[in-house]
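The primary structure of each chain is shown beneath.
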Amino acid sequence: MGDIRPAGGADPLSPVQFLERAAHHFAARQAVIDGERVVSYAELWDRCRRLGGHLRERGVGAGDRVAVLALNSLPLLEAHYGVPHSGAALVALNTRLNPHEIAAILDHCQPSVFVVDDRLAGLADRALSACTASPATVRVGGVSDEYEAALAGAPALEPEGLDERSLLSINYTSGTTGRPKGVMYSHRGAFLQALAVIHHAHLGMESVFLWTLPMFHCNGWCFTWGVTAAGGTHVCLERPEPQRTWELVRRHGVTHFNCAPTVLSDLLAGPQQTPTAGSAKVRVQVGGAPPSPALLRRAAEYGIDVTHLYGLTETYGPAVVCEWQPDWDGRDEGERAVLKARQGIGTVVTTSLRVLDERGLDVLPDGSSAGEIAIRGNNVMLGYYLDEEATRRAIPDGWFRTGDLGVCHPDGYVELTDRAKDVIVSGGENIASVEVERVLAAHPAVLEAAVVAAPDLRWGEVPAAFVTLRDGAAASEGELSGFVRDHLAGFKIPRRICFGPLPRTSTGKVQKQRLRERARELWPASDDAATTFLGPSPTSTPVTRT
């Protein structure tokens, strides 16, 4: 039939288009609430075009990079439109990195302009002094507020044609599995991912989205663009401190927010919290780690509807969703929680999801045969910036290898069992840390738990648990190990337990690498791990969290 093209032509896909549309049709609607400042969609579009105009005046254009170091705020959201509008790629930096880590990223991506939140000026200055990159800097806030002055004096850049497969942004991985890599997103991929999050999160013009998730994390899972496309309202929040979070939920009638399970656990930990009292149900999308059934049950008690998402920086954030089926509503509470804890199926823009064995073949969909999760679709990265070798290793045959292990259930839903490097091999037996963590989290005294391998002369390695207790709760190592014994095989019982807060990344993920290092420090290899606990608290004495 030959090459058939649409009679009306086809415009390139870019998430910047969402703001242009919102400005034309929802001009007076509240687009952003940042503290006491409220900006309409018409104002937001004008400001973003002026940001693009200012960057052009500085010589920024196609192929250049613009780095931004800022807390969740109006300027950081504007960068998601103004920077790509100028033709440059946005590099939103993790605000919790140290100066040397930021310096390494700046040296790698060599930005032309560096936009810095004045509250993070010290961090930025130390990073710049430690790197060879020399971008022009623009300060946001402070006495002079160079950013606002630049926008006031810049021309509004009008939309121009672009290549939808061109570079939109670079997001650097957290580095928990090695040196941070720059993950490249395209305009097309971000556009389609934004449509996916609209669908799966049920976003609409009535939506009020609270930014508990850092906007720098996978460009806010592309909700930076999705909320705008839906005509909803963005509510900025610097950090997800529980009291402040629930205050904003009530004040603005928040309908949605996103976070890691550990962040949600913190938000629900205090008995004084009544987040949804007298208001509509809040939809919360969680990702970064599997939420325990216990956490899901607790969220339901608060009137919070949790949707479990799974993805990586390399997949624009969520690529898999635990799509809830109506006939599951009739199942008992425990079974519903277990179903919700699964990762699920590919989103509407994920072409396919597979679980592969060591030969690259699909494992049996029996819920027990494990393999590596592989993803293909429009929401898979262009590749790693300036690292073709790493790109080939990650996508050897068109399928992105996630490095996560999972099983496929008979209904096609995938369930994560562990990261490949987090599997504990004890005496020849494979132990999935996630499985042990879920059991520990079900104990009434436990707020959250993380399980890693501790060295052992006899078994090679044994499970070690790091546990945070609920406020006012008490539990001993012996009590928790006995609780696990009631649910799992003996070789899966943690032989070491340490009580205290868990180290996390800036996006709320538990830093397993740091816990593995801590385990090696606390518990050097010994041959009595099967019977002796060496945690900081005596087995006979219950530990109470205060």
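Residues numbered from 1 in each chain as written. Predicted model: local features only at pLDDT ≥ 70, side-chain atom pairs only at ≥ 80, totals over all residues. Heavy atoms only, no water.

Each helix and strand in the chain was counted, giving 17 helices and 27 strands. Burial status across the chain gives 57% buried among its 546 residues. In the chain, once contacts between residues fewer than 6 apart in sequence are set aside, the share between residues at least 24 apart is 69%. (Helix = DSSP H or I, 4+ residues; strand = E, 2+ residues; numbered from the N terminus. Buried < 20%, exposed > 50% of the residue type's maximum accessible area, 1.4 Å probe, protein only. Contact = heavy atoms within 4.5 Å.)

Reading across from one edge, S16-S17-S19-S20 is the order of the four strands in this open sheet, with antiparallel pairing throughout. Looking at which strands have only one partner, the edges of the open sheet turn out to be strand S16 (352–356) and strand S20 (414–419). Put simply, the sheet's adjacent strands are angled 45 degrees from each other on average, direction ignored. Summarising the sheet, strand S19 (residues 400–408) and S20 pair through five bridges and their orientation is antiparallel. Looking at the pairing, Val407 lines up with Glu415 of S20. (Pairing = 2+ DSSP bridges. Axes fitted to C-alpha atoms, helices over the stretch in contact; angles between N-to-C directions.)

Moving on, we get to the packing of helix H12 (residues 293–301) against helix H13 (residues 333–340). The geometry of H12 relative to H13 is characterised by a closest axis approach of 8 Å and an angle of 115 degrees between their N-to-C directions. What the angle tells us is that H12 and H13 run roughly perpendicular. With respect to the hand of their crossing, H12 and H13 are arranged in right-handed fashion. Residue-level inspection shows Pro293, Leu296 and Arg297 of H12 in contact with H13, the latter providing Glu333, Gly334, Ala337, Val338 and Lys340. Class assignment for the residues of the contact of H12 with H13 results in four nonpolar, one polar and three charged. (Parallel < 35°, antiparallel > 145°, perpendicular 65-115°, else oblique. Left-handed = near helix turned anticlockwise from the far one by under 90°. Nonpolar A, V, L, I, M, F, W, Y, C, P; charged D, E, K, R; others polar.)

With that settled, the discussion passes to the packing of helix H2 (residues 41–57) against helix H3 (residues 74–85). Between H2 and H3, the shortest axis-to-axis distance is 8 Å and the interhelical angle comes to 60 degrees. In terms of their interaxial angle, H2 and H3 are classed as oblique. As for the relative orientation of H2 and H3, their crossing is right-handed in sense. Contacts between H2 and H3 involve Leu44, Trp45, Arg47, Cys48, Arg49, Leu51, Gly52, Leu55 and Arg56 from the first element and Leu74, Glu78, Ala79, Tyr81, Gly82, Val83 and His85 from the second.

In this section: the pairing of strand S7 (residues 167–172). A large share of S7 lies buried, amounting to five of its six residues. Summarising the sheet, S7 and strand S8 (residues 182–186) pair through five bridges and their orientation is antiparallel. By the bridge assignment, Ser169 is partnered in S8 with Tyr185.

Attention shifts here to unusual backbone geometry. You will see that His202, though not glycine, has its phi angle at about 60 degrees, which is positive. As for its position among the elements, His202 is in the loop between helix H7 (187–201) and strand S9 (208–210).

This part covers H3. The first and last C-alpha atoms of H3 sit 16 Å apart over twelve residues, in line with the 16 Å expected at 1.5 Å per residue. Of the residues making up H3, those classed as buried are Leu74, Pro75, Leu76, Leu77, Glu78, Ala79, His80, Tyr81, Gly82, Val83, Pro84 and His85. Backbone geometry just after H3 places Gly87 at a positive phi near 100 degrees. (Expected span 1.5 Å × (residues − 1).)

This paragraph deals with the environment of Phe191. Inspection of the secondary structure assignment puts Phe191 in helix H7. The exposure class of Phe191 is buried, given its relative accessible area of 12%. Placed 178 residues apart in sequence, Phe191 and Leu13 show a C-alpha to C-alpha distance of 6.2 Å.

All right, on to the pattern of salt bridges then. Close approach of charged atoms allows side chains with opposite charge to pair. Scanning the entire structure with this criterion turns up 30 salt bridges. Between Arg119 and Glu238 there is a salt bridge, with the nearest N and O atoms lying 2.3 Å from each other. In this pair, Arg119 is assigned in the loop between strand S5 (113–117) and helix H5 (121–129) and Glu238 in the loop between strand S10 (233–235) and helix H10 (242–252), connecting sequence segments 119 residues apart. Judged by relative accessible area, which is 40%, Glu238 ranks as partly exposed. Two residues, Arg504 and Asp266, come together in a salt bridge whose shortest N-O distance is 2.8 Å. Of this pair, Arg504 sits in the loop between strand S26 (496–499) and helix H17 (512–522) while Asp266 sits in helix H11 (residues 261–267); the two residues are 238 residues apart in sequence, bridging distant segments of the chain. Residue classification places Arg504 among the partly exposed positions, given a relative accessible area of 24%. (Salt bridge = Lys/Arg side-chain N within 4 Å of Asp/Glu carboxyl O.)

Time to look at the environment of Pro494. With respect to the helices and strands, Pro494 occurs in the loop between helix H16 (477–485) and S26. Along the backbone, Pro494 and Val451 are 43 residues apart, and their C-alpha atoms lie at a distance of 7.8 Å.

This structure, assessed with the given rule, holds zero disulfides. We note that Cys222 lacks a disulfide partner, and the nearest cysteine sulfur, in Cys218, lies 7.8 Å from it. (Disulfide = S-S within 2.5 Å.)

Counted by the stated rule, this structure contains eight aromatic pairs. Ring geometry for Trp246 and Phe257: centres 6.0 Å apart, planes at 65 degrees, overall edge-to-face. On the criterion of sequence distance, the pair formed by Trp246 in helix H10 and Phe257 in strand S11 (residues 256–259) is long-range, its members being eleven residues apart. Looking at Trp246, the relative accessible area reads 0%, which means it is buried. (Phe/Tyr/Trp six-rings, centres within 6.5 Å; stacked < 30°, edge-to-face > 60°.)

Take helix H4 (residues 99–109) next. Within the span of H4, buried status applies to Pro99, Ile102, Ala103, Ile105, Leu106 and Cys109. Looking straight down H4, one finds its buried side chains confined to an arc of 160 degrees; they lie on one side. Elements in contact with the buried residues of H4: strand S3 (65–69), strand S4 (89–92), S5, H5 and S7. Taking the backbone nitrogen of His100 as reference, a side-chain oxygen 3.0 Å away marks Asn98 as the first, capping residue of H4. At the exit of H4 stands Gln110, carrying a positive phi of roughly 50 degrees. (Arc of directions from axis to C-beta. Polar contact = N/O pair within 3.5 Å; in protein donor to acceptor, adjacent residues only side chain to side chain.)

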